[in-house]
Amino acid sequence: MTSARAVSLVARREFVTKVRTRSFLIGTAVIIAVLAGYVVLQSVLFDDQQRSVVGLSGQATQLADPLREKAKSFGIEVETRDVTTVDSAERQVRDGSLDALVTGAPPALKMIVKGSGDEVLTTVLNDVLRQQVLVAQLAEAGITPQQVAQNLANVNVDVTALEPVDPQRGQRLAIGLIVAALLYYSLLVYGTMVAQGVVEEKSSRVVEILLATVRPWQLLLGKVIGLGAVGLLQLLVISMVGLGLSSAFDVIDVGALGATALLTGVLWYLLGFFLYATVFAAAASLVSRQEELQSVLTPISMTIIVAFVAGINLMIGSPSGTTVTVLSLLPPFAPILMPGRMAMGVATTWQVLLAIALALAAIAAITWLGGKVYANAVLRTGARVKLREALKV
């Protein structure tokens, strides 16, 4: 049997066995359900934040059209309702049916709100009021608003931005954080799954039967590829569903930005998984029982957790800062930090290429070292094998 054939058989066995389990199917369905619920919730909250219901009483009803038009220029939607009595309208403000009640006549308008009120809505109403007062005063002076508008049409301030703000910065940050979270989940869960599989085969002596047919490095590589493909499948399914839901509910303007983030996520998942899964498998080969597994996996898991927690806070605060830039280049942190920075558009080409080169070099070194540990320790049962003994030829 050729090496490629042996690796492919092991990989296929791992892949088929895992994707058919109820835990994989239920787990994927639960994640998608949670993701869908989150997207729908964000959509509802976003709509609520962008829409206000205003009651108009008395002469204030004449402000309905100007109020709606001015609100559009501020990016919000205002629904106006004519109210008959102030007392009943105030009760609607208290129970939340109305966001605000406007009474009186220009220039003496009064806005009644339940709490502090919406600052944007207050600004819109003030602008409408000033405009109404200005029109009245112009009419008294014998000047039409159209004349004034024509004179002011070409009066603009020429703004020069020293550090232009990316109009998609908010969406880039959201996508970057989501990519980092998905990669964190995939690397931690499926890396641990590789380790559990190694210990399970070792404790049940199945590995002895397998190694009678294939070599240790073939078994290790096949296991990593097979479970890595399972994780990649789940990552793609969750990502595609998430992008579709986000686009359908207008939570994020996906477009080319989402497709690029998905591709970079897949790239760094593959690099990160081969890096961490090999370490997970090698560490797991040192023990013979599931009870001992956590002790050898803790340092590896903590590296991923620290990379995620620290990286999220750094990317939110200063994604192009020196600390997060340096960490995103280092192989242990790059699979989580670099795709997030790439999605945010702050990673330069040379940084991406250097991070990939360092990751590939680390994968080569870890594969050689991990393969050696795995080959020397996987057949040893009983007491925990010391790393120094496993590294001996």
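Structure: see above.
So, how was this worked out
Residues numbered from 1 in each chain as written. Predicted model: local features only at pLDDT ≥ 70, side-chain atom pairs only at ≥ 80, totals over all residues. Heavy atoms only, no water. Helix = DSSP H or I, 4+ residues; strand = E, 2+ residues; numbered from the N terminus. Buried < 20%, exposed > 50% of the residue type's maximum accessible area, 1.4 Å probe, protein only. Contact = heavy atoms within 4.5 Å. Salt bridge = Lys/Arg side-chain N within 4 Å of Asp/Glu carboxyl O. Core = buried A, V, L, I, M, F, W, Y, C linked by side-chain atoms within 4.5 Å.

A.B. asks: Would you mind going over the overall build of the chain in detail, with residue names and values included?
C.D. replies: Helix and strand counts for the chain come out as 15 helices and four strands. Put simply, the chain has 393 residues, and 40% of those count as buried. Intrachain contacts of the chain at a sequence separation of at least 6 include 74% that bridge at least 24 residues.

A.B. asks: Help me get a handle on the pattern of salt bridges, residues and values and all.
C.D. replies: Tallied over the full model, the rule gives four salt bridges. Two residues, Arg68 and Asp65, come together in a salt bridge whose shortest N-O distance is 2.3 Å. Here the residue Arg68 and the residue Asp65 both occupy positions in helix 3 (residues 64-73), the gap between them amounting to three residues, near one helical turn. Exposure remark for Arg68: the relative accessible area of 29% places this residue in the partly exposed category. Among the charged side chains, a network of salt bridges with common partners joins Arg13, Glu14 and Lys223.

A.B. asks: Please set out the nonpolar core residue by residue, giving values where relevant.
C.D. replies: Core analysis: the largest hydrophobic core is formed by 67 residues, its most contacted members being Trp268, Phe273, Leu293 and Leu297. Where this core is concerned, the elements lending two or more residues are helix 1 (3-19), helix 7 (169-203), helix 9 (216-248), helix 10 (255-284), helix 11 (290-317), helix 12 (322-329), helix 13 (334-344) and helix 14 (349-377). Ranked by the residues each element gives to this core, the list is headed by helix 10, at 13 residues. Leaving out residues up to four positions away in the same chain, Leu293 has contacts with Ala195, Gln196, Val199, Ala284 and Val287. Within the second largest apolar cluster, 17 residues are counted, among which are Val54, Ala60, Ala71 and Val78.

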